[in-house]
Amino acid sequence: MSNLNNLLPWPADDLSSYGPVEAKPLGKTQQYVARAMHRNWVSIPHVTHHDDADITVFEQRRKAWNAAHPEHKRSLLSALVKASVAALQRYPRFNSALSADGTTLTSRQYFHIGIAVDVPAGLLVPVLRDCDSKGIDAIGEEVARISEKARSKGLSMAEMSGGCFTLSSLGHIGGTGFTPIINAPEVAILGICRTQDRFLPDGEGKPVLRQLLPLSLSYDHRVINGADAARFVRAIAEWLEAYEFA
C-alpha cells in the first residue's frame, strides 16, 4: 500500500484570480468512481501490455453472418466476452483475487465479466454472470439490455458486483491504446480501441491490407508476470482468429 501521508497538500489556488470560472459539484456517481479509481491506482502495481489482434477473417465472417441474419446480428464486443472467458479458462491465474494484505490468492470457479459503460453521470460497470455457459447471441442481448439500463435508469450495486475480469472499450470513439485501471479485487482489465487498417507483408513479402484490433491489458504485477500477460492477450487474439460463425 502506498504511503500518501508524505504527499504535498493539494494546491489551494484561487482560480478565479486568473479569470472567469464556474464551479459545479461532482456528481455522486463520479465521486464514487473517483475514489475507487484512486484506491485501485495507488494500491495496485499496474503494468499494461499492448498487442494487436488480426481480426480480418473474423470481421469478414461476422459481416457475412449479420447480412444473413439481420435479426440476430453479432457484435465484436460479445465475441470478446467469450474470447475472454476462453482465455481465463486457459490461464486461471487471471481469474483470481488477491487479498487486501497481499497474502492470499483466491481462484474463482465462475466466469462473470464486467463491461465498462460510459453514462452521463460517469462510468458504470455492469457484470454479466456465468458467461461460460451462455452463447454469443445471449451475451449480445444481455450487453445491449444492461448497457441501456445503465444509461437510462442506473444500476444497483448487486448488478455491478462479483466480476472476474473487465472489458473497457473505446472502439466507438477511437484511440490506438490506453492504460485502463484495474477494478479491484480483479487482477486484470482489457482495454479495446478502434480497429486499424494496416498493410502487412504476406508469406511472399507482398503488402496485404489487414484489420488489426488494438488490445491493452493492464495487470496486477504482484500476481501476473509479463510473459503470462502476453500469452493471455495472444489467447484472446487466437480465439477471434479461429471463431466460426455457426
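Residues numbered from 1 in each chain as written. Predicted model: local features only at pLDDT ≥ 70, side-chain atom pairs only at ≥ 80, totals over all residues. Heavy atoms only, no water.

A. Structural detail: helix 4 (residues 136–152). End to end, helix 4 covers 24 Å across 17 residues, agreeing with the expected 24 Å (1.5 Å per residue, within 8%). When helix 4 is considered as a whole, its buried residues turn out to be Ile 136, Ile 139, Glu 142, Val 143, Ile 146, Ser 147 and Ala 150. Within helix 4, the buried residues cover an arc of 125° as seen down the axis, which keeps them to one side. Each element contacted by the buried residues of helix 4 is listed here: helix 3 (76–90), strand 5 (117–119), strand 6 (122–124) and strand 7 (127–128). (Helix = DSSP H or I, 4+ residues; strand = E, 2+ residues; numbered from the N terminus. Expected span 1.5 Å × (residues − 1). Buried < 20%, exposed > 50% of the residue type's maximum accessible area, 1.4 Å probe, protein only. Arc of directions from axis to C-beta. Contact = heavy atoms within 4.5 Å.)

B. Main features of the pattern of salt bridges. Inspection of every chain in the model, using the stated rule, returns 13 salt bridges. Arg 61 serves as the salt-bridge partner of Glu 244, at 3.5 Å between the closest nitrogen and oxygen. Placement of Glu 244 in the segment after helix 5 (226–242) and of Arg 61 in helix 2 (residues 56–68) is noted, with a sequence separation of 183 residues between them. For Glu 244, a relative accessible area of 52% gives the class exposed. The partly exposed category is assigned to Arg 61, whose relative accessible area is 27%. As a salt-bridge pair, Glu 238 and Arg 90 come within 3.6 Å of each other at their nearest N and O atoms. Here Glu 238 is found in helix 5, whereas its partner Arg 90 is found in helix 3, with 148 residues between them in sequence. Looking at Glu 238, the relative accessible area reads 38%, which means it is partly exposed. (Salt bridge = Lys/Arg side-chain N within 4 Å of Asp/Glu carboxyl O.)

C. Fine view of the packing of helix 3 against helix 4. Two elements in contact, helix 3 and helix 4, have axes whose closest approach is 9 Å; the angle formed by their N-to-C orientations is 120°. Judged on the interaxial angle alone, helix 4 and helix 3 are oblique. When the axes of helix 3 and helix 4 are compared, the crossing they make is right-handed. Listed contacts from helix 4 to Leu 77, Ser 78, Ala 79, Val 81 and Lys 82 of helix 3 are Ile 136, Ile 139, Gly 140 and Val 143. (Axes fitted to C-alpha atoms, helices over the stretch in contact; angles between N-to-C directions. Parallel < 35°, antiparallel > 145°, perpendicular 65-115°, else oblique. Left-handed = near helix turned anticlockwise from the far one by under 90°.)

D. Fine view of unusual backbone geometry. With an omega dihedral of 10°, the bond running from Ala 184 to Pro 185 counts as a cis peptide bond. Position of Pro 185 among the secondary structure elements: in the loop between strand 8 (165–169) and strand 9 (188–192). Despite not being glycine, Asp 130 has its phi angle at roughly 50°, a positive value. Exposure remark for Asp 130: the relative accessible area of 35% places this residue in the partly exposed category.

E. Representation of the packing of aromatic side chains within the structure. Going through the model one piece at a time under the given rule, you end up with 7 aromatic pairs. With a centroid separation of 4.7 Å and 80° between ring planes, the pair formed by Tyr 243 and Phe 245 is classed as edge-to-face. Comparing Tyr 243 with Phe 245 shows no difference in burial state: the two are buried. One aromatic cluster is present, built from ring pairs that chain together Phe 58, Trp 65, Trp 239, Tyr 243 and Phe 245. Seen from the ring of Trp 65, Arg 74 lies directly overhead, with NZ or CZ sitting 3.7 Å from the centre. (Phe/Tyr/Trp six-rings, centres within 6.5 Å; stacked < 30°, edge-to-face > 60°. Lys NZ or Arg CZ within 6 Å of the ring centre and 35° of its normal.)

That's the geometry; what it means functionally is another story.
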